[in-house]
Amino acid sequence: MSNKQLVRVRFAPSPTGDLHVGNIRTALFDWAYARHTGGKLIFRIEDTDTERVTDQYIKAAIETLKWLGLNWDEGPEVGGEYGPYLQSQRLEIYATWAQKFLDQKDAYHCYCSAEELEDRRQAQMKNNQAPGYDGKCRDLSADQVEKFKQEGRKPVVRMRMPDGETVFTDAIRGEVRFEHKYVPDFVLARADGSPLYTLAVAVDDVLMKITHVLRGEDLLSSTPRQIRVYQAMGVKPEQYPVFAHLPFVMGQDNAKLSKRNGEVSIAWYREQGFLPEAICNYLALLGWSPGDDRENITMAELVELFTVERVNSSPARFDMKKLEAINGDKIRALKLEEFLDRSLPFLINAKVISGSADEIEIVKSALPIIQERIVKLAEIPQMLSFLFIKDFKVAAEEVSKITDEASQNVLKVALSKVEALTSWDHASIESSLRKALIDDLGLKPRVAFSALRIAVTGSHISPPLFESLQLLGKARSIDRIKALPNAIVTGK
Ligand code: GLU
């Protein structure tokens, strides 16, 4: 995709909820393209549908992009030469253009009511005709207009679609053709004057000097209408932005990813403890390839390698397992201080710690032993809570796993061994317990250690046992084992 001018690419969501995978994949590609080309990323909020796009969602969208590290050069908070960047603040601009199109006879007032349109649509479908506006108000006489006005009808502004076709070259799909018999005259502005998406998006792309439109494939079919608006604005074909429609993202069930088959907001991934760099890494691979089969890429590599030529036109499949695997890799790659910073909010939110310096020290010593074991930061509270619980009790369902005679025997032997230990480091603990339980008693490690794990951590899922014992300290480890028979008796 070559274009000599400075690249100006925009991300233009209509946040009717929290941004989700599809939105962010688009934002990421827009960002990567702007950064790769040394161009500018324009962030525009398409909030003309004020009922569905709320301030809260706009704020959340801004926050999500920031969290992901997808910075923009023009848009909310940073401003820019072509603002405002919220469409709700540009209504007069759209109204002026709609009036101009009326004056130029590119558009006309349409007085058809919603019911009339619906009746005619039903009739078209019955007659096997493509549904769409039939041009009824295209050339109304002054008398007809007068009559409609007297009936109290308020007109919408409708764009006249000429005969013929729209042909353009999509940077991902190649030549795309739309015959206008399937692109009926369309509404630009409602009866109350408010603009529709097609008007606002096209006017803004022109006024904001957008050179490249990378967006989801679902918007491909709106392109001929937008091109029609460019034409009415007097834009020459060579000045149209380059369009690149990104492939759909499918769910595991091969249907387009949607709420129904598991698409959830980026806010959810954040709560689960997916790292922003893992989300970006994974989403970069949804429809784009770095040119080889590597799956772990950094943001810097993405910027260096991102070209639209490497975007695939066939749909990409969202695979949660792969995202988790990448997240696990990114967690393992974190330096301890960074891992600590990212973990603390999860522990504090889950009320495992309050955030005191002492607690933070314990967390810091514990993190290296779980770094290999977790795929999401949200697993950390459960993994480390055993270190912080004051009134430690083993849950009844876990207790029930260690009431058998073999487990009780393991605990008895283990207790005597750890009590006798003079040095409390995980290697000494391990060698003493292995000798007593595995070598001498001939138990399988799983059997031998799972009772002990439950006894001291309260769960059969925990960080490595010997490191856990070391972190817990000798006295507390012993106390917990000793407290158990009691717990078993009372069934707590
Ligand atoms: N605001 C539109 C949407 O969220 C996208 C506009 C565009 O990229 O052209 O669906």
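Residues numbered from 1 in each chain as written. Predicted model: local features only at pLDDT ≥ 70, side-chain atom pairs only at ≥ 80, totals over all residues. Heavy atoms only, no water.

Peer 1: Got a sec to walk through the sheet that holds strand β7 (residues 186–189)? Specific residues and values, please.
Peer 2: Sheet architecture is open: 3 strands sit in the order β3-β4-β7, paired in antiparallel fashion. The sheet terminates laterally at β3 (107–110) and β7, the two strands that pair on one side only. Shown here is a sheet whose adjacent strand axes are inclined to one another by a mean of 45 degrees, direction ignored. Alignment of β3 against strand β4 (residues 156–159), held across 4 bridges, turns out to be antiparallel. Looking at β4, one finds that A107 is bridged to M159. Set on the sheet, helix α3 (residues 91–103) makes contact with β3, β4 and β7; between it and β3 the angle comes to about 100 degrees. (Pairing = 2+ DSSP bridges. Helix = DSSP H or I, 4+ residues; strand = E, 2+ residues; numbered from the N terminus. Axes fitted to C-alpha atoms, helices over the stretch in contact; angles between N-to-C directions. Contact = heavy atoms within 4.5 Å.)

Peer 1: Give a description of helix α7 (residues 223–232) that names residues and reports values.
Peer 2: By the criterion of burial, α7 is predominantly enclosed, with 8 of the 10 residues buried. T223, P224, Q226, I227, R228, V229, Y230 and A232 are the residues of α7 that are buried. Where α7 terminates, the next one or two residues include G234, which has phi positive at roughly 85 degrees. (Buried < 20%, exposed > 50% of the residue type's maximum accessible area, 1.4 Å probe, protein only.)

Peer 1: Account for the side chain of D106, naming residues and giving values.
Peer 2: The residue D106 is located in the loop between α3 and β3 in this model. Apart from residues lying up to four places away in sequence, D106 is in contact with F101, R158, M159, R160, R228 and A232.

Peer 1: Summarise the site of the ligand; cite the residues concerned and give the values.
Peer 2: All residues adjacent to the ligand are R10, A12, P13, S14, E46, Y197, V201, R215 and L219. One of the backbone N or O atoms of A12 is found 2.7 Å from a nitrogen atom in the ligand. Here an oxygen atom of the ligand sits 2.7 Å away from a polar atom, N or O, in the side chain of R215. If the ligand stood free it would expose 300 Å²; the protein chains cover 81% of that surface. Residues of the shell around the ligand, tallied by class, amount to 5 nonpolar, 1 polar and 3 charged. (Near = heavy atom within 4 Å. Polar contact = N/O pair within 3.5 Å; in protein donor to acceptor, adjacent residues only side chain to side chain. Areas by Shrake-Rupley, 256 points an atom, 1.4 Å probe, with all protein chains shown as cover. Nonpolar A, V, L, I, M, F, W, Y, C, P; charged D, E, K, R; others polar.)

Peer 1: I'd like a rundown of the packing of α3 against helix α6 (residues 197–207), residues and numbers included.
Peer 2: Where α3 contacts α6, the axes come no closer than 10 Å and their chain directions differ by 100 degrees. For the element pair α3 / α6, the angle class is roughly perpendicular. In this structure, α3 contributes I93, Y94, W97, A98 and F101 to the contact, and α6 contributes L199, A200, V203, D204 and L207. (Parallel < 35°, antiparallel > 145°, perpendicular 65-115°, else oblique.)

Peer 1: Which residues make up the pairing of strand β5 (residues 165–170), and what are the values?
Peer 2: Across the two faces of β5 the burial differs, with T166, F168 and D170 buried and E165, V167 and T169 not buried at all. Bridge count for β5 against strand β6 (residues 174–179) is 6 bridges, and the pairing is antiparallel. Looking at the pairing, F168 lines up with V176 of β6.

Peer 1: Before we move on, can you summarise the packing of aromatic side chains with the specific residues and values?
Peer 2: Tallied over the full model, the rule gives 14 aromatic pairs. Seen in terms of ring centroids, F11 and F43 are 5.8 Å apart; in terms of plane orientation they differ by 25 degrees. Their pairing is stacked. In this pair, F11 is assigned in strand β1 (residues 8–11) and F43 in strand β2 (residues 40–43), connecting sequence segments 32 residues apart. Accessibility assignment for this pair places F11 and F43 in one class, buried. Three or more aromatic residues joined by ring pairs make a cluster, and in this case those are W268, Y269, F274, Y282 and F318. The ring of F29 carries the charged tip of R25 above its face, separated from the ring centre by 5.5 Å. When the ring centre of F392 is taken as reference, the NZ or CZ atom of R480 above it lies at 3.8 Å. (Phe/Tyr/Trp six-rings, centres within 6.5 Å; stacked < 30°, edge-to-face > 60°. Lys NZ or Arg CZ within 6 Å of the ring centre and 35° of its normal.)

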